[in-house]
Amino acid sequence: MINIEVAVGLAHEQNDDVVVVPVLKGALLTASGEGLKNIAPDVIDDVLQTSTIWGNTGTSYPLYRLQGTQARSTVLLAAGDKTKLTLSALRDLSAKLAADLNQQGVEKAACYLADLAVKDASVADKVQAIVEGAYLGLYEFKHHQSVKKEHTKTLQTLHIMLLSNDACDEANAALVKAKAIAEGTIFARNLGNEPGNICTPEWLGEQALSLSHPSLNVTVMDKKAIEEAGFTALLAVNQGSAKEPRFIVLNYQGGQAGDAPVALVGKGLTFDAGGISIKPSAAMDEMKFDMCGSAAVLGIFKAITDMNLPINVLGVIPSTENLLGSAAYKPGDIITSYQGTTIEVLNTDAEGRVILCDALAYAVEQKPCEIIDFATLTGACVIALGGQATGLLGTGEAVKEGLKKSGEHTHDRVWELPVFEEYQKQIDSKIADIKNTGGREAGTITAACFLSRFVEDVPWAHLDIAGTAWNMKATDISPVAGATGAGVRLLVDYLSRKVETSNE
Ligand code: BES
Ligand code: MN
Ligand code: ZN
């Protein structure tokens, strides 16, 4: 992994291979650029006046061995319209810059992106966004290629430059936090991108066990333990699979002993063929991503344990495949969940809610202060919100408001859909307590209605990441088409704010 450091100094004094200075639309310089202009006024003035690229965010203008500077190349980087500069834009710009430098074979670079003014953002906020962007923009998933395609890693060191020592401590703290968040996100992406023949429930359990921290305890139940515990709905979905299920419990006691934990529940469906209600074959390979809820939970645990976040967090992951076979559960079957509710299975492809209901009921027994679940739960959510926002539903008003705020801040965004009481009757069953589908109308909401039957009075938020957990087109911040790590930035921010407000 690339080494990112915070450093202080003027642009012309840096001796990294490349020094990057931003220029805003309208040829506007920031402080680092003004400093450079004092050293090489003729060249800088000429370039600013003649070039028209400054509005094209991310475009570079390299100046080779600029007079009075130490670097091989001084790059003027178009940073776009200053009124459009947000932390998200900064994160994206940094992601693109890091990927470009890497592709160009640069080994050491210094960048002055923290010099850009972002409304309401501190230096720490900006450094965090820049560092997250650089790590995430360099993400690769290539270990299955025997001959590696495209570029290999060249960029070894990136200096995030500040012009004075004033904010150095905050910037260094932000760097440490951003690194933990990026590594958590990358962990989630790596889990999501592994195919179903490798990322099995057993393997997912091993990945959970690979997380290590003195205050973290991880337990992985195998099939026998799951039978003994009575997670019968999970077992029903597992019937069609030759692979054993797993039930993973993570307990992080970073906070005060006795404080109720935040419970994070993640759907760990390692491959969803739909079961007997089989899916169409087009794009069925994408259903290897149906464990991205569990990947988010594991990525969050990786980040918060790296950060030693002082909070108690419980993680619960039910994991199985949803396949077809002579033993598979069938449309019409009535199964009894761990909590006792009977479920009429009308569509075996609505399996996520079936495995989650046992995990939610288990989480409730652990007396958490709130529950947040992550699931690639409904195709309807992809239709409603696409890839730009995670669906947010649930009963916990404060939790939901906190997630909205963190979504805005991290750009790992959420959008709320209602869980009006009237929707509940869509899942009432004539012969069991509930059915596992509520029909085509309001599919994302009726899935949440199903889950709501298992959370009792615990404040609860449900995150439907079906549209956000993976993308089929690369972006600057998520440059490998595939798992995005959605939910990790969101929750680390949410939990960090929770710690801050409890300290007030
Ligand atoms: N894992 C899918 C949801 C999904 C579909 C996520 C496409 C991302 C992209 C889930 O298990 C599922 O199949 N849901 C069904 C529910 C329906 C049968 C009530 C769906 O959304 O079609
Ligand atoms: Mn399904
Ligand atoms: Zn599924």
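Residues numbered from 1 in each chain as written. Chains lettered and ligands numbered in written order. Predicted model: local features only at pLDDT ≥ 70, side-chain atom pairs only at ≥ 80, totals over all residues. Heavy atoms only, no water.

### Remarks on the coordination of the manganese ion (ligand 2)
Point 1. Every protein donor of the manganese ion (ligand 2) is accounted for by D272 (OD), D349 (O), D349 (OD) and E351 (OE), and the metal-donor separations fall at 2.1 to 2.2 Å.
Point 2. Classification of the site at the manganese ion (ligand 2) rests on its six donor atoms, whose angles at the metal span 70 to 167°, yielding the label irregular.
Point 3. Separating the manganese ion (ligand 2) from the zinc ion (ligand 3) is a gap of 3.2 Å, which D272 spans by donating to each of them. Taken as a pair, D272 in strand β11 (residues 268-272) and E351 in the loop between β14 (342-344) and α10 (352-365) lie far apart in primary sequence, 79 residues in all.
Point 4. Residue classification places D272 among the buried residues on the basis of a relative accessible area of 3%.
Point 5. What makes E351 buried here is its relative accessible area of 0%. (Donors = N, O, S within 2.8 Å, 3.2 Å for Na, K, Ca; no water. Tetrahedral: all angles 85-135°; square planar, octahedral: opposite > 155°, others 65-115°. Helix = DSSP H or I, 4+ residues; strand = E, 2+ residues; numbered from the N terminus. Buried < 20%, exposed > 50% of the residue type's maximum accessible area, 1.4 Å probe, protein only.)

### With respect to unusual backbone geometry
Point 1. Backbone geometry at K367 places phi at a positive 50°, although glycine is not the residue there.
Point 2. Within the element layout of this structure, K367 appears in the loop between α10 and β15 (370-375).
Point 3. According to the relative accessible area criterion, K367 is exposed, its value standing at 66%.

### Things to note about the domain arrangement of the protein
Point 1. The domains assigned to the protein are domain 1 (3-164) and domain 2 (185-502).
Point 2. Using C-alpha coordinates to define each centre, domain 1 is positioned 38 Å away from domain 2.
Point 3. The interface of domain 1 with domain 2 comprises 17 residues on the first partner and 16 residues on the second.
Point 4. A combined buried area of about 1,400 Å² lies between domain 1 and domain 2, and 63% of that area is made up of carbon and sulfur atoms.
Point 5. Of all residues in domain 1, L136, Y139 and F141 give up the largest surface area on contact with domain 2, accounting jointly for 47% of the area buried on that side.
Point 6. One salt bridge connects E132 with R489, and the closest N-O pair in it is separated by 3.9 Å.
Point 7. The interface formed by domain 1 and domain 2 contains seven residue pairs in polar contact (both at pLDDT 80 or more). (Domains from an automatic or database assignment. Contact = heavy atoms within 4.5 Å. Buried area = accessible area lost by both parts, 1.4 Å probe. Salt bridge = Lys/Arg side-chain N within 4 Å of Asp/Glu carboxyl O. Polar contact = N/O pair within 3.5 Å; in protein donor to acceptor, adjacent residues only side chain to side chain.)

### Quick notes on the sheet that holds β14
Point 1. Pairing is mixed in the open sheet, where three strands are placed in the order β13-β14-β18. Of all strands in the sheet, those with a lone pairing partner are β13 (334-336) and β18 (434-435), marking the two edges.
Point 2. The pairing of β14 with β18 spans two bridges and is parallel. Considered in β18, the bridge of I343 is made with I434. (Pairing = 2+ DSSP bridges.)

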